[in-house]
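Listed here are the chains, written in short residue letters.
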Amino acid sequence: MKLKRGKFLLIIILIILILISFNKFLLREIKNAFYTISLPFFKNFSLTGDKISSFFQTFSEFKNLKTENQKLLEQNQNLLAKIVEFELLKKENEELRKALNLGLEKEFQLILVKSISKETEGDFILISKGKEDGMIEGLPVISAEKVLVGKIDQVYKNFSRVKLISAENNIFDVEIITAADSREKIYGLAQGEGNFKIKIKFIPKEKEIKEGETVISSNIAQKFPQGFLVGEIKKVEKSDIEPHQIIELEPFFKLNLGQTLFVILNF
Amino acid sequence: MNEFLILIPIFYFLIIFQQSFLVKFSIFGVIPNLVLILVFLLNFLVKTDREKNLRMILSFIGGLLLDIHSGLLLGSWALNFLIIAILIDKFYQFFEKSNFLWFPILFCFCLYFSKIFLNFISLKYSFNVNLFSFFIELLYSLFLFFIILFALRITNIYKSKKSPI
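Residues numbered from 1 in each chain as written. Chains lettered and ligands numbered in written order. Predicted model: local features only at pLDDT ≥ 70, side-chain atom pairs only at ≥ 80, totals over all residues. Heavy atoms only, no water.

The UniProt entry for chain B carries the following comment under Sequence similarities (unreviewed entry): "Belongs to the MreD family." Recorded under Subcellular location (unreviewed entry), the UniProt text for chain B is reproduced unchanged: "Cell membrane". (UniProt positions renumbered as here; feature names shortened; annotations may be inferred.)

Looking at an unreviewed UniProt entry, one finds chain A named Cell shape-determining protein MreC, with bacterium as its source organism. What the UniProt record of chain A gives under Function (unreviewed entry) is the line "Involved in formation and maintenance of cell shape." As its UniProt record puts it under Sequence similarities (unreviewed entry), chain A is described as follows: "Belongs to the MreC family."

Here it is as structure tokens:
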């Protein structure tokens, strides 16, 4: 009995030692090898999933189609008016640039990546480029529609793990574009809550914020580049005892996760 | 023994399936953990002493494969599943003759335990679990759980084994 218990303890200690040494020295290589093997399966399952989910989505969205169409038409008209306004501002801006002899707008150096899979526990995704392609930890990930997706968290040889902006306890600064006065700048701290949920905290109650307003990234803390789309305000909570309001966000990246993404290399 | 080794590639494909296919069908951003469901079923349905060690080893391997495909430390899910397998083995006798309605309740405990365990492993040291997400994951998992159970009963895979269903 004693001998059996000793053998059992020895096995446990051995397993723990092997796990510790793997975590310390070989984890990245092991993960990279497994991801390379799994890549074709990930791609096929993902494609099939996309097809089936879009098929079911068509059915579920059918009844809301009329109201949504009306809403989109109204939004379209508003956007058209804004485009005219922006065109005028653009011309004015170009003239000012010429006059001040400023260089062209700093452009980002982008690298195209594919989203491969999403982890079960936590808001993390795997992308198709790694250390060999110049990926380093901390680089921001965006979509083609200028939507902020996340930041590179871990780099393997051919793959990288991206921490989504909605990942639990991920904090970054944002700016709210209010409909009331587009020149007014409202800054806040966005905090990821996990499962694609984001909340904005520390915005005084006096600031008028409405549902449906757009939130963009700010670079006060130099965590993400400025001006990338983060999400739309879903819910505003005000309490009598709290000096700040809590705002719930609907992140935009949810729609872009299955698509091609970009990593900003020169941030 | 050989018939159980087939579970290793099944674990592997379930992980790929849940991380690439099931992601598209997430409810409020929640995806059920199919490996946890299978580990739970494996330890509850297969009840012979001969396979006791094999069940535990398979649970551990399932966890290891999940660790490789997640950002947690290698061994987090593996230890989690191993503890779940040991706990089910220890407390099985209390539920052996009980109604199979105990199944969802026990699964709920296993899911809650795995959340807490991962909180501690990832150095959050918290007993707090987002109740809304937990509830959604539980319902989603139970839905899949009963589908798998139904499939097992139809195919009579575990008919000859001593199990509560």
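## Side note on the overall build of chain B
Assigned secondary structure in chain B consists of seven helices and zero strands. Walking chain B from its N terminus toward its C terminus, one meets helices and strands in the order α-α-α-α-α-α-α. Looking at chain B as a whole, 55% of its 165 residues are labelled buried. Restricting the contact set of chain B to residue pairs at least 6 apart, pairs at least 24 apart contribute 69%. For chain B, the accessible area works out to roughly 8,000 Å², and carbon and sulfur atoms hold 72% of it. (Helix = DSSP H or I, 4+ residues; strand = E, 2+ residues; numbered from the N terminus. Buried < 20%, exposed > 50% of the residue type's maximum accessible area, 1.4 Å probe, protein only. Contact = heavy atoms within 4.5 Å. Areas by Shrake-Rupley, 256 points an atom, 1.4 Å probe, with all protein chains shown as cover.)

## Description of the UniProt feature "transmembrane region" (unreviewed entry) in chain B
Residue and element names in this part refer to chain B. Mapped onto this numbering, the UniProt entry gives "transmembrane region" (unreviewed entry) at residues 6-23, 30-48, 68-88, 100-123 and 129-152. For residues 6-23, the helix share is 83%, the strand share is 0%, and the end-to-end C-alpha distance is 25 Å. Along residues 68-88 the backbone is 67% helical and 0% strand, and the end-to-end C-alpha distance reaches 25 Å.

## Looking at the packing of aromatic side chains
Overall, the coordinates contain 19 aromatic pairs over all chains when judged by the stated rule. Taking the centre distance of 5.7 Å and the plane angle of 50° together, the rings of A:Tyr35 and A:Tyr156 count as tilted. With A:Tyr35 in helix α1 (residues 2-61) and A:Tyr156 in the loop between β4 (148-155) and β5 (160-164), the pair connects residues that are 121 residues apart, well separated along the chain. Here the aromatic residues B:Phe40, B:Phe44, B:Phe107, B:Phe145 and B:Phe146 are joined through ring pairs into a cluster of three or more. One Lys or Arg, A:Lys146, reaches over the ring of A:Phe228 and ends 5.2 Å from the middle of that ring. (Phe/Tyr/Trp six-rings, centres within 6.5 Å; stacked < 30°, edge-to-face > 60°. Lys NZ or Arg CZ within 6 Å of the ring centre and 35° of its normal.)

## What about unusual backbone geometry?
All names here are of chain A. Even without being a glycine, lysine 146 presents a positive backbone phi close to 65°. One can find lysine 146 in the loop between β3 (140-143) and β4. By relative accessible area, lysine 146 is classed as partly exposed at 47%. The phi dihedral of phenylalanine 202 is positive, around 60°, even though this residue is not glycine. When its relative accessible area of 52% is taken as the criterion, phenylalanine 202 is described as exposed.

## Some words on the interface of chain B and chain A
On the side of chain A, 34 residues touch chain B, which itself brings 36 residues to the contact. Summing the contributions of chain B and of chain A, the shared interface buries around 3,000 Å²; its carbon and sulfur component is 65%. Three residues stand out in chain B for area buried against chain A, namely B:Lys24, B:Ile68 and B:Leu74, and they jointly supply 21% of the buried area on that side. At the boundary of chain B with chain A, the tally comes to two salt bridges. A:Asp50 is paired through a salt bridge with B:Lys24; the nearest N and O atoms lie 3.4 Å apart. (Buried area = accessible area lost by both parts, 1.4 Å probe. Salt bridge = Lys/Arg side-chain N within 4 Å of Asp/Glu carboxyl O.)

## Here's the deal with the packing of helix α3 (residues 34-45) of chain B against helix α4 (residues 52-68) of chain B
Residue and element names in this part refer to chain B. Packing of α3 against α4 brings their axes to within 10 Å, and their N-to-C directions diverge by 180°. In this view, α3 runs roughly antiparallel relative to α4, as classed from their interaxial angle. Here Val35, Val39, Leu42 and Asn43 of α3 come into contact with α4, specifically with Arg55, Leu58, Ser59, Gly62 and Leu66. Taken together, the residues of the contact of α3 with α4 sort by class into five nonpolar, three polar and one charged. (Axes fitted to C-alpha atoms, helices over the stretch in contact; angles between N-to-C directions. Parallel < 35°, antiparallel > 145°, perpendicular 65-115°, else oblique. Nonpolar A, V, L, I, M, F, W, Y, C, P; charged D, E, K, R; others polar.)

## Focus on the pattern of salt bridges
Residue and element names in this part refer to chain A. Using the criterion set out here, one finds 13 salt bridges over all chains in the structure. In this structure, lysine 234 engages glutamate 248 in a salt bridge whose closest nitrogen and oxygen atoms are separated by 3.9 Å. You can see lysine 234 sitting in strand β10 (residues 229-237) and its partner glutamate 248 sitting in strand β11 (residues 244-251), a full 14 residues away along the chain. Take lysine 234: its relative accessible area is 45%, and that puts it in the partly exposed class. Taken together, the salt bridges that share partners define one network made up of Lys234, Glu248, Glu250 and Lys254.

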